[in-house]
Structure formats: C-alpha cells, structure tokens
Amino acid sequence: MSRPLVKIGPHLLPNALFVAPMAGVTDRPFRQLCRRLGAGYAVSEMVTSRKELWGSLKTSRRADHSGEPGPIAVQIAGTDAAMMAEAAAYNVDRGAQIIDINMGCPAKKVCNKWAGSALMRNEALALEIVESVVAQCVPRGVPVTLKMRTGWSADERNALRLAKLFEAAGIAMLTIHGRTREQGYKGLAEYDTIAAVKAALSIPVVANGDIDTPEKARDVLAYTQADALMIGRAAQGRPWIFREVAHFLATGEHLPPPTIVEARDVLTEHLHDHYGLYGELSGVRSARKHIGWAVRGLPGGEAFRQHMNTLERCDQQLQALRDWFDELGQAHDRLPPTLAAANDEDAQADEACAA
Ligand SMILES: Cc1cc2nc3c(=O)[nH]c(=O)nc-3n(C[C@H](O)[C@H](O)[C@H](O)COP(=O)(O)O)c2cc1C
C-alpha cells in the first residue's frame with residue numbers, strides 16, 4: 001500500500017489493516033492471532049464504564065493484554081461523561097496506550113443503557129463524553145480515538161457533523177462503519193459518508209463495513225481515500241485475510257489460500273491460547289464459535305460444528321479438530337473455496353455488546 005502509515009498520537013502503526021473490535025470475539029488470543037497474520041492494529045473489546053463491573057471475571061479477561069504487541073488500545077462504552085472519563089483513567093492506569101470510544105455498537109442496550117451508536121442521536125451528550133475523555137487522557141499522553149456509524153437512521157445521517165465536532169474536540173483517529181444504527185447489520189454498508197468525512201477531516205479516518213475480499217478492500221480504499229481499513233466479521237475463522245489483503249494491495253496478486261496443515265495448526269495454536277485465558281470449562285464452550293467459523297462453508301463443516309457442540313473437554317476438541325482437518329487434507333492441499341453461509345450478526349453482536 002503506497003499511502004503513508006497511520007499515526008495515532010505518538011504510535012506509528014505497521015500497516016493500515018485493522019481488526020475491528022468485536023465483543024465476545026476479539027479477546028487477546030484472537031487479536032494476537034490477527035496481528036501475527038498481518039493485521040497492523042487491534043482494538044480490544046469494549047470495557048464498560050460501570051465501575052461495579054470492573055472486578056468481574058469478564059472485564060478482567062477483557063483487560064488481559066499479556067504479551068500483546070503495542071500499542072494497547074482499549075475501547076470503552078457508556079453514557080455518562082464523568083463515568084467514561086473515569087473508565088478511561090482506570091484503563092490507562094492498567095496499561096492502555098490508546099482509548100477508543102464506542103459509538104458504533106447497535107445493541108439495543110449496552111450495559112442496560114442506551115450507549116454505543118445510540119449516542120449519535122444525542123450530539124450534545126456525545127460531545128460532552130468526548131471532551132471529558134480527551135481531558136482525562138491527552139494530558140497523560142494517551143490519544144483518544146472513536147468509532148461510530150454513519151448516523152442513527154437514513155434520515156439522521158449525522159456522521160459528518162459529529163466527525164468535525166469530534167476532531168475539534170481532540171479525537172486522534174475516527175473509524176466509521178458504513179451503516180446507520182437502524183440498519184444493525186442488515187443491508188449493505190455505504191461508503192459515501194465515509195468518503196465525505198475523510199475529505200473534511202485532517203485526522204486519520206478508517207473505513208469499516210463489509211470488507212471481505214482483497215478486491216473489496218482495494219475498492220473501498222480507492223473510493224473513500226480512507227487512511228486505513230478495518231475488518232471484522234470476515235476475519236472470523238479466516239484471520240489470514242489480513243495478509244491476503246496486504247499482499248493484494250501491494251502486488252495486485254492473490255496469495256494462495258492457506259494449506260490445510262497451516263489452517264489446522266493456526267486454529268490449534270489459537271485454541272491453546274484461548275484455553276489458557278478462559279480455562280477448560282468456559283474455554284471449550286467459547287472456542288466453539290471460533291471453530292464453527294473456521295469450518296463454515298467447508299465440505300462437512302456443518303456436521304462437524306454440530307459434533308463439536310457435544311464435546312466438553314479441551315483434549316477432545318483438539319483431537320476432533322485434528323482428525324477433521326486431516327480428513328479434509330486427504331482431498332485438498334489448500335483450503336477449498338467456502339460456500340456462503342448464513343450468519344445472524346445482529347443477534348451475535350446484540351448478545352456480545354449487551355454483555
Ligand atoms: C459479534 C460482534 C461484536 C461487535 N462488538 C463491537 C464492539 O464491542 N465495539 C464496536 O465498536 N463494534 C463492535 N462490533 C462492530 C464491528 O466492530 C464492525 O464495525 C462491524 O462488524 C462491521 O464491520 P465488518 O463488516 O467488517 O464486520 C461488533 C460486531 C460483531 C459482529
């Protein structure tokens with residue numbers, strides 16, 4: 001990619017392909033996996049601004065950054081400016097080098113309050129939150145970034161107006177998912193609003209939404225002139241998409257898909273890391289979704305996914321996975337093309353963000 005590298009405050013990022021924050025997905029093992037396979041930047045899952053939840057196992061797992069390459073970016077969500085500033089300070093004290101404000105989550109309620117993208121509808125409150133988080137972080141040398149949608153609904157597409165206010169208030173980088181809050185994950189992402197925001201701002205602007213192939217990445221970059229791209233769902237089960245996109249943007253040529261052996265080994269390594277963070281009981285269960293994504297659309301993948309749901313131990317899960325990939329390897333050297341598979345992102349994100 002010939003464009004200049006993105007700088008967030010003092011942090012120069014190694015490339016312009018970012019993995020999107022996805023609550024319940026982009027935990028530390030998954031972020032590290034994506035970084036190893038070509039993502040230049042990874043924002044951690046949302047941490048609530050509700051203090052009483054900071055001691056919970058879920059929040060402390062979300063705040064696990066051990067061994068993670070910097071810069072450490074933590075996303076916070078909430079609806080109260082003072083609480084958000086406190087949440088930012090709490091995370092900075094625990095090693096966050098960048099704080100990202102979530103105004104993108106479409107879940108009906110984030111932590112029982114209308115947060116996430118719902119804040120875009122209340123511009124005064126949105127700005128107050130930005131100002132108080134910036135006032136807390138910037139004097140400590142920690143830049144503040146923000147992720148939002150194009151607006152609340154098709155009639156209230158106010159991303160451009162908000163983006164200008166946020167830039168003036170000191171936001172260091174802005175990511176825009178090309179859907180309104182009303183759309184959830186339905187319909188198609190549009191890139192006109194992202195292009196308009198990019199043209200109007202001096203800070204880096206990141207384009208997000210429906211980027212799922214190297215060609216789409218090239219086209220979205222060209223159309224929006226964004227400084228970077230953020231990829232979410234297309235990285236689920238296919239973390240090598242980052243190196244595939246990077247290679248295509250650099251050379252115009254496609255990398256071959258991973259070999260079956262590499263795909264098996266990447267997933268196995270991911271699972272070991274995953275069990276290390278969650279322990280056996282919870283790890284085996286939460287690993288199922290990653291395994292399901294990895295085999296989605298592959299021959300025999302659906303039957304295997306169902307079988308996986310019956311296994312309750314790490315060693316069983318690992319062995320079944322090895323056997324399944326080895327069998328696939330009898331017929332293919334490399335991962336075969338996948339069939340499109342249904343995925344209910346609204347439910348997935350709702351469940352994850354509400355947590
Ligand atoms: C399961 C799931 C959880 C998500 N959680 C968050 C979140 O915590 N914070 C956030 O800003 N966006 C969240 N998102 C939105 C993604 O970051 C991204 O904006 C969206 O998926 C569109 O990008 P994509 O088409 O590349 O997936 C989530 C999306 C999914 C599917």
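Our subject in this report is the structure included herewith. (Residues numbered from 1 in each chain as written. Predicted model: local features only at pLDDT ≥ 70, side-chain atom pairs only at ≥ 80, totals over all residues. Heavy atoms only, no water.)

Points about the overall build of the protein chain
Right, on to step 1. Along the protein chain, the regular secondary structure elements total 12 helices and 10 strands.
Right, on to step 2. When its C-alpha atoms are laid out on the principal axes, the protein chain stretches across 60 × 45 × 35 Å.
Right, on to step 3. Buried positions account for 57% of the 355 residues belonging to the protein chain.
Right, on to step 4. Residue pairs in contact within the protein chain that sit at least 24 positions apart in sequence constitute 70% of those at least 6 positions apart.
Right, on to step 5. Of the charged side chains in the protein chain, 40 are positive and 42 negative; the average position of the first set lies 2 Å away from that of the second. (Helix = DSSP H or I, 4+ residues; strand = E, 2+ residues; numbered from the N terminus. Buried < 20%, exposed > 50% of the residue type's maximum accessible area, 1.4 Å probe, protein only. Contact = heavy atoms within 4.5 Å. Lys, Arg positive; Asp, Glu negative; His and termini not counted. Charge placed at Lys NZ, Arg CZ, Asp CG, Glu CD.)

Topic: the environment of L57
Right, on to step 1. In this structure, L57 sits in helix α2 (residues 57-62).
Right, on to step 2. Classification of L57 as exposed rests on a relative accessible area of 54%.

Some points on unusual backbone geometry
Across residues other than glycine, the phi torsion is negative in most instances, and most of the peptide bonds are trans.
Right, on to step 1. In this structure, the amide linkage connecting G70 to the following residue, P71, adopts the cis form with an omega of -10°.
Right, on to step 2. Unlike most non-glycine residues, D210 shows phi in positive territory, near 65°.
Right, on to step 3. Looking at the element boundaries, D210 is found in the loop between β9 (205-208) and α7 (214-224).
Right, on to step 4. Notably, Q225 is not glycine yet its phi reads approximately 60°, a positive angle.
Right, on to step 5. When you line up the elements, Q225 lands in the loop between α7 and β10 (228-231).

Points about the pairing of strand β7 (residues 144-151)
Right, on to step 1. The buried count for β7 comes to eight of eight residues, which makes it a mostly enclosed element.
Right, on to step 2. In this structure, strand β6 (residues 98-103) lies alongside β7, joined through five bridges in parallel fashion. What sits directly across from M103, in β7, is M148.
Right, on to step 3. In terms of handedness, the path from β7 via helix α5 (residues 159-168) over to strand β8 (residues 173-180) forms a crossover that is right-handed. (Pairing = 2+ DSSP bridges. Right-handed = clockwise from strand over helix to strand, strands pointing away.)

Remarks on α7
Right, on to step 1. For α7, the complete set of buried residues consists of P214, A217, V220, L221 and T224. Projected down its long axis, α7 carries its buried residues within an arc of 125°, all on one side.
Right, on to step 2. Elements in contact with the buried residues of α7: α6 (192-200), β9, β10 and α8 (241-251). (Arc of directions from axis to C-beta.)

Remarks on the pattern of salt bridges
Opposite charge on two side chains makes pairing possible when the charged atoms of those side chains draw close.
Right, on to step 1. Inspection of the entire model under this criterion finds 18 salt bridges.
Right, on to step 2. Note that R140 is salt-bridged to D93, the shortest N-O span being 2.5 Å. One end of the pair, R140, is in the loop between α4 (123-137) and β7; the other, D93, is in helix α3 (residues 81-93), with 47 residues separating them in the sequence.
Right, on to step 3. With a relative accessible area of 53%, D93 lands in the exposed category.
Right, on to step 4. Measuring nitrogen to oxygen at the nearest pair gives 3.0 Å for the salt bridge that ties D210 to R233. (Salt bridge = Lys/Arg side-chain N within 4 Å of Asp/Glu carboxyl O.)

Here's the deal with the packing of aromatic side chains
Right, on to step 1. Scanning the entire structure with this criterion turns up three aromatic pairs.
Right, on to step 2. An angle of 20° between the planes, with centres 5.1 Å apart, marks the rings of F304 and W324 as stacked. Separated by 20 residues along the polypeptide, F304 in helix α10 (residues 301-308) and W324 in helix α11 (residues 314-331) bring together distant segments of the chain.
Right, on to step 3. Relative to F325, the ring of W324 lies with its centre 5.2 Å away and its plane at 80°, an arrangement referred to as edge-to-face.
Right, on to step 4. According to the relative accessible area criterion, W324 is buried, its value standing at 11%.
Right, on to step 5. An aromatic cluster of at least three residues, connected via ring pairs, comprises F304, W324 and F325. (Phe/Tyr/Trp six-rings, centres within 6.5 Å; stacked < 30°, edge-to-face > 60°.)

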